[in-house]
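# Residue-level structural notes
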Amino acid sequence: MMTKEEARQRIAALSEELEQHNYNYYILAKPTISDYEFDMKLEELARLEREFPEFLLPSSPTQRVGGGITKEFKSVKHKYPMLSLANSYSREEIADFISRIKKTIDEEVEFCCELKFDGLSISLQYENGVLIRAVTRGDGMQGDDVTTNVKTIRTVPLKLHGDFPPFFEMRGEIVMPFESFDKLNGQRLEAGDDLFANPRNAAAGTLKLQDSKEVARRRLDNYCYYMMMDDLEDRYKTHYESLQAAKKWGFNVSNYMALCKTIDEIFEFIDYWDVKRHELPFAIDGIVLKVNSYEQQQALGFTAKSPKWAIAYKFKAEEVETELQSVDFQVGRHGTITPVANLSPVLLAGTTVKRATLNNEDFIRQFDLHYGDTVTVVKGGEIIPKIIGINFDKRQAGALPVAFVRTCPACGTELIQNEGEAAWYCPNSQGCPPQVKGRIEHFISRKAMNIESLGEGKVEFLYDAGLIKDVADLYDLTYDKLFGLANDKVSFKEKTAQNIVDALEKSKSVPFERVLFALGIRNVGEVVAKTIVAEYHDIDAIINASVEELSAINTVGEVIAQSVRQFFENPVNMGIVERLKAAGLQFAKADNSTSALSQALAGKTFVVSGVFANYSRDGIKEAIEAHGGKNVSSISSKTDYVLAGDKMGPEKRKKAESLGIPVISEADFEAMIGEEKVTAATEEPENVQLSLF
Ligand code: IVH
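Just so we're clear, the structure is a prediction, and the values are computed from it rather than from any experiment.

### Some remarks on the pattern of salt bridges
Side-chain pairs of opposite charge can arise where the charged atoms are in close proximity. A full pass over the atoms with the stated rule returns 36 salt bridges. One salt bridge connects Asp285 with Lys314, and the closest N-O pair in it is separated by 3.5 Å. Taken together, the residues Asp285 in strand S10 (residues 284-291) and Lys314 in strand S11 (residues 310-314) connect sequence positions 29 residues apart. Like Lys314, Asp285 is buried.

### A short note on the sheet that holds strand S21 (residues 641-644)
Across the sheet, four strands lie side by side as S20-S19-S21-S22; this open sheet has parallel pairing. In this open sheet, the two strands that pair with only one neighbour each are strand S20 (630-631) and strand S22 (663-664). Relative to S22, S21 runs parallel, the two being bridged by two bridges. Counted as the bridge partner of Leu643 is Ile664 from S22.

### Focus on the pairing of strand S13 (residues 337-348)
Taken across its twelve residues, S13 has nine buried, putting it largely inside the fold. Where strand S12 (residues 319-331) lies against S13, seven bridges are found, and the strand directions are antiparallel. From the neighbouring strand, Asp328 faces S13, where its bridge partner is Val340.

### Comments concerning the packing of aromatic side chains
As enumerated under the stated definition, the model contains 27 aromatic pairs in all. Ring geometry for Tyr25 and Tyr26: centres 4.6 Å apart, planes at 55°, overall tilted. Taking the relative accessible area as the measure of exposure, Tyr25 reaches 37% and is therefore partly exposed. In this structure Tyr26 comes out as partly exposed when scored by relative accessible area, which is 30%. Put simply, the rings of Phe117, Tyr223, Tyr225 and Phe282 pair up and form one aromatic cluster. The residue whose ring lies beneath Arg91 is Phe267, and the NZ or CZ to ring-centre distance is 5.2 Å.

### Focus on the site of the ligand
Within the structure, the ligand sits among Leu85, Glu114, Leu115, Lys116, Phe117, Ser121, Glu173, Tyr225, Val288, Lys290 and Pro307. Between the ligand and Glu114 there is a distance of 2.9 Å, counted from a nitrogen atom to a side-chain nitrogen or oxygen. Tyr225 is positioned such that a nitrogen or oxygen atom in its side chain is 3.2 Å from an oxygen atom of the ligand. Starting from 530 Å² of accessible surface for the ligand in isolation, the protein chains cover 91%. In terms of residue count, strand S3 (residues 111-117) provides more of the shell around the ligand than any other element does, four residues in total. Among the residues forming the shell around the ligand, the class breakdown is six nonpolar, one polar and four charged.

About the thresholds
The residue numbering used here restarts from 1 in each chain and proceeds along that chain's sequence as written. pLDDT decides what is reported in this predicted model: residues at 70 or higher carry local features, side-chain atom pairs at 80 or more are listed and counted, and totals for whole chains, interfaces and linings draw on all residues regardless. With hydrogens and water stripped out, all remaining heavy atoms of the structure feed into the side-chain values. One speaks of a salt bridge when a side-chain nitrogen belonging to Lys or Arg is within 4 Å of a carboxyl oxygen belonging to Asp or Glu. Every helix listed is a DSSP run of H or I at least four residues long, and every strand listed is a run of E at least two residues long, numbered separately from the N terminus. Buried, partly exposed and exposed residues are distinguished by accessible area as a fraction of the type maximum, computed with a 1.4 Å probe on protein chains only: under 20%, between the cut-offs, and over 50%, respectively. When DSSP finds at least two bridges between two strands, those strands are taken to pair. Note on aromatic pairs: the rings of Phe, Tyr and Trp (six-membered ring only in Trp) are paired at centre separations within 6.5 Å, and the planes decide the class, stacked below 30 degrees, edge-to-face beyond 60, tilted for the rest. By definition here, charges over rings are those cases where NZ of Lys or CZ of Arg is within 6 Å of the ring centre and within 35 degrees of the ring normal. The near set for a molecule or strand comprises every residue that places at least one heavy atom within 4 Å of it. Between N or O atoms, a polar contact is any pair within 3.5 Å; within protein, one atom must be a potential hydrogen donor and the other a potential acceptor, and residues adjacent in sequence are included only when both atoms are from side chains. Only the protein chains shown count as cover for residues, with accessible areas throughout obtained via the Shrake-Rupley method and a probe of 1.4 Å. Side-chain classes follow a simple rule in which Ala, Val, Leu, Ile, Met, Phe, Trp, Tyr, Cys and Pro form the nonpolar group, Asp, Glu, Lys and Arg form the charged group, and the remainder, Gly included, forms the polar group.

Okay, here's the thing in structure tokens:
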């Protein structure tokens, strides 16, 4: 057992070492130890901190993994107000900015040109080299204390090294790199959650999460671009100098900066980054120009909103004006109503845009959208084009405002809204056609049951024809029911009908985890389904699991657990599950790598003896199990068959005969499993054998 003093020293040494490795890895991108060694040291530190909680420091590297919960973000007043920047969009505006400056300063002016990070600004306060507080911009005068969440960001130093001042603030931008953004939206898509429109919104949403573990997972980044403290200009002569010092203390300061003296040099930087920005791993929306000398900055001063010594040059997002023709209200498979704008087709960033998402009711209200409005559409880092503004001058007299529907456009049911959410839902989950069709389409999708031969309008056709009302009805489809069906869009010819029947049959061997995903439980995506199946053997175990049990599974959480419970508490869903079970879908985990091929030998016990022509001894035993049978080693009255090969011992044969147990040959056995295969399975027998042995 360590003494207290030894523990204190070890904790201090480990903390320092880990923070240095963090800096090497995330800021310098030059790691000097392996991830494994790092994790081992971090684990040791966490263990010591648990044993000696009196030495757990707020700046400990263990804080980066998160865990702290912020129930309510405290509003705090900024020591120095957080101003914004004046925007400019053209060379003329930059020229004007420079000549305004030259009116006050009649010596040479040097500009620091920087990237304009597209995230949200943050104020980081350090006392004696330790991060004590992180505050959002808020209204510029006061913002929210998001310290616990910010500590999880690897590029925010928790403890500084070098000759830092005793108190100062670093200003910077929190961004979500494209890689993190794509991953997050990918997961949300899978879970059926609303997608974030761009990395900035995603970063803002993430910073306001209550659970800092989730913040840690989402991998935000931070870039610092401005230092604030009393008497700053006594320490450094220029902004650039202060940033280079900050970099030495451990801050993440971009290398992409240039000191320029003429408008031509400035535009060389701007034009370069207008093109090269597409290669950066995060979004920038322009360039920031700052007068480099602090003395000159002071001489220039501030307006009420922004410094006179700095300006932002904004890149042009590709945008275009077009007319809002109509609005569709789409119903998702979970009943969420999404308004979608139909636009007069227009060319934007290389593609023709006809539709744009309107997100939800709040979005429509915010823009006070009217039918026939001329709207500005952009395509940025977003997936679907979005409307960013309205040209009110072009609004037609008598135009009608876009009103959000109150009843479901598909089934007429009154819509409901969950408390605290902007989205509206149609609660008629069983009777609302797009919801039912959406669920069937999800069920047959490639990553679920993979019955793709049913895609492209066929589900719609079969649903409208009354042949399928839920996913269980799919398994009542037969070649005879399908063949010959047709309308002007789809037709079920011989081959199509046969392919569908074959794909349905084949789907009966799709593993349990994909079946669970296919059921379309809200919030249960592919990964979550896998995670749940890893914990439970079969569907009944999941049906019987409580919310507490389910949410105890790592990464499953309360919200998902509730969705699972709700799904199985619904008798309609249970009925469907029962029918799918009866149809023969996999509702239990395969017990070993050789998944079940058939149930031809279910409940039968075998004793294997002798040598076989087509199987090894182990191979034939595996085949018995793969068809649902059981192997035992010695013959008893409970044995169903003795499977006899060449050279079977005479004692065994005698015993079998005396107990009246049938002795079967290899050929008999093959007939037993082969027969079943012809009627129930569609795989070619050769393939089955190949994959087995
Ligand atoms: S300096 C007093 N530098 O842009 C000047 N801001 O539109 C403080 N931003 O609120 C800002 N990159 O969130 C500065 N290199 C950069 C920046 C930057 C992005 C953001 C910042 C600011 C906003 C103004």
